[in-house]
Amino acid sequence: EDKVVQSPLSLVVHEGDTVTLNCSYEVTNFRSLLWYKQEKKAPTFLFMLTSSGIEKKSGRLSSILDKKELSSILNITATQTGDSAIYLCAVGSGDYKLSFGAGTTVTVRA
Amino acid sequence: SAVISQKPSRDICQRGTSLTIQCQVDSQVTMMFWYRQQPGQSLTLIATANQGSEATYESGFVIDKFPISRPNLTFSTLTVSNMSPEDSSIYLCSVERGGLLETQYFGPGTRLLVL
């Protein structure tokens, strides 16, 4: 069975801090790893990673995949209160399915 | 990305009743997915809905409990049947878009509370 593990489960930081979220996986027929941000109900897409070692960036967020270590990290620099959310890692396998991790709850205090 | 709408956005239902959730996409898509997110939990795939064929259900989910319709390439419904309090969850539909496999975009979700 596919497995996606995120750490930490939650963290609290102050505005301006940098956070690093981790995602490790064990799946058969890996295709891609995706990061989502969930604030109220709907997860919003952040990144999709398929190749090892290539960093993807969007503003203050960046992510990289390590296929050798079967893991990915998501970095958020200069955090703002609007970054408070649950960050979900999902791994796509060969049959279009996404397996989600439990998520990391990030709370940014002013 | 994709513009996805869901109805209703939330509902409170009595046990033993059924609720049908609608998912509408702004353009044609091949695959639509239904997920459940129970309180404090991550997303779990219920089924994959392709137009013109029966939905494919994941382990632990059955058609009698979660019948799905996919009458065309822009619309799908999920029914939660004979509800119990354990069905209280957020139900989300998603679509695969962009020509990139597994780049799924999610609808706004339906928050269901069963009393």
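Everything that follows concerns the structure shown earlier in this document.
Residues numbered from 1 in each chain as written. Chains lettered and ligands numbered in written order. Predicted model: local features only at pLDDT ≥ 70, side-chain atom pairs only at ≥ 80, totals over all residues. Heavy atoms only, no water.

Asker: So what exactly am I meant to see when it comes to the interface of chain B and chain A here?
Answerer: Many descriptions give the size of an interface as the accessible area lost when the pieces come together. Taken together, the contact pairs 22 residues of chain B with 20 residues of chain A. Taken together, both faces of the contact between chain B and chain A bury some 1,800 Å²; the carbon and sulfur share is 60%. Taken together, the connections running from chain B to chain A amount to zero salt bridges. Seen at the junction of chain B and chain A, the total is three residue pairs in polar contact (both at pLDDT 80 or more). For the side of chain B that touches chain A, the elements supplying multiple residues, two or more each, are strand S4 (31-37), strand S9 (89-96) and strand S10 (104-106) of chain B. Broken down by element, the residue count for the side of chain B that touches chain A peaks at four residues, all from S4(B). (Contact = heavy atoms within 4.5 Å. Buried area = accessible area lost by both parts, 1.4 Å probe. Salt bridge = Lys/Arg side-chain N within 4 Å of Asp/Glu carboxyl O. Polar contact = N/O pair within 3.5 Å; in protein donor to acceptor, adjacent residues only side chain to side chain. Helix = DSSP H or I, 4+ residues; strand = E, 2+ residues; numbered from the N terminus.)

Asker: So what exactly am I meant to see when it comes to the pattern of salt bridges here?
Answerer: A side chain of one charge can pair with a side chain of the opposite charge if their charged atoms are brought near each other. If you walk through the whole model with that rule in mind, you get three salt bridges over all chains. For A:Glu39, the salt bridge goes to A:Lys37, with nearest N and O atoms at 4.0 Å.

Asker: Honestly, the sheet that holds strand S1 (residues 3-7) of chain A in this entry has me stumped. Any pointers?
Answerer: Two pairing modes exist for strands in a sheet, parallel and antiparallel, and in both the strands are linked by backbone hydrogen bonds. All names here are of chain A. Here five strands make up an open sheet; going across it, the order is S1-S3-S8-S7-S6 and the pairing antiparallel. The strands lining the two open edges of the sheet, one partner per strand, are S1 and strand S6 (56-58). If you compare each strand with its neighbour and ignore which way they point, the axes differ by 15° on average. Where S1 meets strand S3 (residues 19-26), five bridges bridge the pair, whose relative direction is antiparallel. Among the inter-strand pairings, Ser7 is bridged to a residue of S3, identified as Asn22. (Pairing = 2+ DSSP bridges. Axes fitted to C-alpha atoms, helices over the stretch in contact; angles between N-to-C directions.)

Asker: Can you walk me through the state of the cysteines in this structure?
Answerer: All names here are of chain A. The full count for this structure, using the stated rule, is two disulfides over all chains. Across the disulfide, Cys23 is cross-linked to Cys89 (sulfur-sulfur distance 1.9 Å). Since a negative S-S torsion denotes a left-handed disulfide, the Cys23-Cys89 link at about -70° is left-handed. Residue Cys23 is located in strand S3, and its partner Cys89 is located in strand S9 (residues 85-92); the two are separated by 66 residues in the primary sequence. Considered together, Cys23 and Cys89 belong to a single accessibility category, that of buried residues. (Disulfide = S-S within 2.5 Å. Buried < 20%, exposed > 50% of the residue type's maximum accessible area, 1.4 Å probe, protein only.)

Asker: So what exactly am I meant to see when it comes to the environment of B:Ser9 here?
Answerer: In this structure, B:Ser9 sits in the loop between strand S1 (4-7) and strand S2 (10-13). Note: C-alpha distance between B:Ser9 and B:Glu96 (87 residues apart in sequence) is 21 Å.

Asker: Help me understand unusual backbone geometry, please; the structure alone is not making it clear to me.
Answerer: With the exception of glycine, most residues fall at negative phi, and the peptide bonds are largely trans. Residue and element names in this part refer to chain A. The linkage connecting Ser7 with the following residue, Pro8, adopts the cis geometry, with an omega of -10°. Following the sequence through the fold, Pro8 ends up in the loop between S1 and strand S2 (10-14). Notably, Ala78 is not glycine yet its phi reads approximately 45°, a positive angle. Inspection of the secondary structure puts Ala78 in the loop between strand S8 (71-76) and S9.

Asker: I would appreciate a short explanation of the sheet that holds strand S3 (residues 19-25) of chain B in the present structure.
Answerer: All names here are of chain B. Strand order in the open sheet made by the four strands is S1-S3-S8-S7, with antiparallel pairing throughout. For this open sheet the edge positions go to S1 and strand S7 (68-72), each flanked by a neighbour on one side alone. Neighbouring strand axes in the sheet, compared pairwise and without regard to direction, differ in orientation by 15° on average. Sheet topology places S7 next to strand S8 (residues 75-80); three bridges connect them, and they run antiparallel. Looking at the pairing, Asn72 lines up with Phe75 of S8.

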